[in-house]
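Coordinate analysis (summary)
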Amino acid sequence: MRRLATASLTLLLMASPLWAAPPRETIGLREVVQALESPFRSDAEMARGTAGSAIVDFEADFFQEARIASLDRTQRGSGRVWVKFDRVRSDRVPRTMFRWEYSQPTRQEFVSDGRTLWVYLPENNQVIQSDVEFSTEARANDPMTFLTGLGNLSRDFLITWASPNQDVQGNYVLDLRPRRGSPMIQRLLIVVDREAVLELSRRATTGDLFPILSSTVYDPSGNSTTIEFSNVRVNRGMTGSFFQFMIPAGVEVVRPTGKEMGF
């Protein structure tokens, strides 16, 4: 389940188009990548309705399906997620805070304030606590998750069209390959909401549309994890305190070095 949750750092929303998309030829790869990256860029404007209007935070229901190739087994999970991007400095990647609460198949919580990660396993009466910064620095060349770098995907990944490059609803499908070798990500597919792409081309902003409909991560061992989000709401004004985990009384606290966490 830890592998399932680790691969899930990555993002997403199912949206219903209001009208038919224009012919595929009118939308290029550049426009789709721009719609995907621009709301998350570190220099995105905080003001709403501008060309660089930022997604500061979002919350959503999620469904997750992971396939373990060696066992030919599929695991499924679902719950609720909250994510906040803390843009303290515009010249740096935003600090990412998150809270993943699994309700199925078992209750689990993954919480981070951007510095500390807590993994709460109620069935084990245990909290695993680690230093996010230490873990990240220990694996600096590993694009282990795209969640903290959504505004810089083209820097970390080679992005091309997937085949096919649209799903049955006409949303755009991108194929991302890490620019550096990674033991965690061999390939990443992202389905981008066509409405977000059209909105950007019409009004130079994606507005309140979360651009990622789903993501599928493939690792070098052939395992894959797909995540879809529903009921996504953006810019709810979440506070940093929401991403602090209060350790329940009587729960064992384990503090690994960071690598054991898989983050």
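Residues numbered from 1 in each chain as written. Predicted model: local features only at pLDDT ≥ 70, side-chain atom pairs only at ≥ 80, totals over all residues. Heavy atoms only, no water.

1. Considering the overall build of the protein
Rule in force here: In DSSP terms, a helix is any run of H or I states spanning at least four residues, a strand is any run of E spanning at least two, and both are numbered starting from the N terminus. Between buried and exposed lies partly exposed: a residue is buried under 20% and exposed over 50% of the maximum accessible area for its type, with that area taken using a 1.4 Å probe on protein chains only. All accessibility values rest on the Shrake-Rupley procedure with a 1.4 Å probe; residue burial counts only the protein chains present in the view.
Looking only at helices and strands, the protein has five helices and 12 strands in total. Scored against the burial criterion, the 263 residues of the protein give a buried share of 51%. Taken as a whole, the protein presents about 12600 Å² of accessible surface, with 48% of it coming from carbon and sulfur.

2. Digging into the packing of aromatic side chains
The relation between two aromatic rings is expressed through the spacing of the ring centres and the mutual angle of the planes. As a reminder, the rule being used: Pairing of aromatic side chains requires ring centres within 6.5 Å, counting the rings of Phe and Tyr and the six-membered ring of Trp. Pairs whose planes differ by under 30 degrees are stacked, by over 60 edge-to-face, and all others tilted.
Counted according to the given criterion, the structure contains 15 aromatic pairs. Plain terms: the ring middles of Phe40 and Phe85 are 5.6 Å apart, the flat faces sit at 65° to each other, and that makes the pair edge-to-face. Remark: Phe85 occurs in strand β2 (residues 73-86) and Phe40 occurs in the loop between α2 (29-37) and β1 (57-68); sequence separation between them is 45 residues. An identical accessibility class is assigned to Phe40 and Phe85; each is buried. Where Trp100 meets Phe229, the ring centres are 5.9 Å apart and the plane angle is 80°; that geometry is what we call edge-to-face. Separated by 129 residues along the polypeptide, Trp100 in strand β3 (residues 95-104) and Phe229 in strand β11 (residues 224-234) bring together distant segments of the chain. Assessed through its relative accessible area of 2%, Trp100 is described here as buried.

3. Section: the pairing of β11
Regular strands show a simple pattern: their side chains alternate between the two faces of the sheet. Using the following cut-off: The criterion for strand pairing is that DSSP finds at least two bridges linking the strands in question.
Across nine bridges, the pairing between β1 and β11 is antiparallel. From the neighbouring strand, Phe58 faces β11, where its bridge partner is Val234. Here five bridges tie strand β10 (residues 212-218) to β11, and the two strands are oriented antiparallel to one another. What sits directly across from Thr216, in β11, is Thr226. Count of turn residues in the β10/β11 antiparallel hairpin: five residues, of which Gly222 carries a positive phi of about 90°.

4. Overview of the confidence of the model for the protein
Stated precisely, the cut-off is as follows: Scored between 0 and 100, pLDDT is the confidence that the predictor attaches to each residue. Note on contacts: a residue pair is in contact if any heavy atoms of the two residues lie within 4.5 Å.
On average, residues of the protein score 80 in pLDDT, and 76% of them are at 70 or above. Here residues 136-144 is a poorly scored stretch, pLDDT under 50, and it has 20 contacts once near neighbours within four places are set aside; other chains count.

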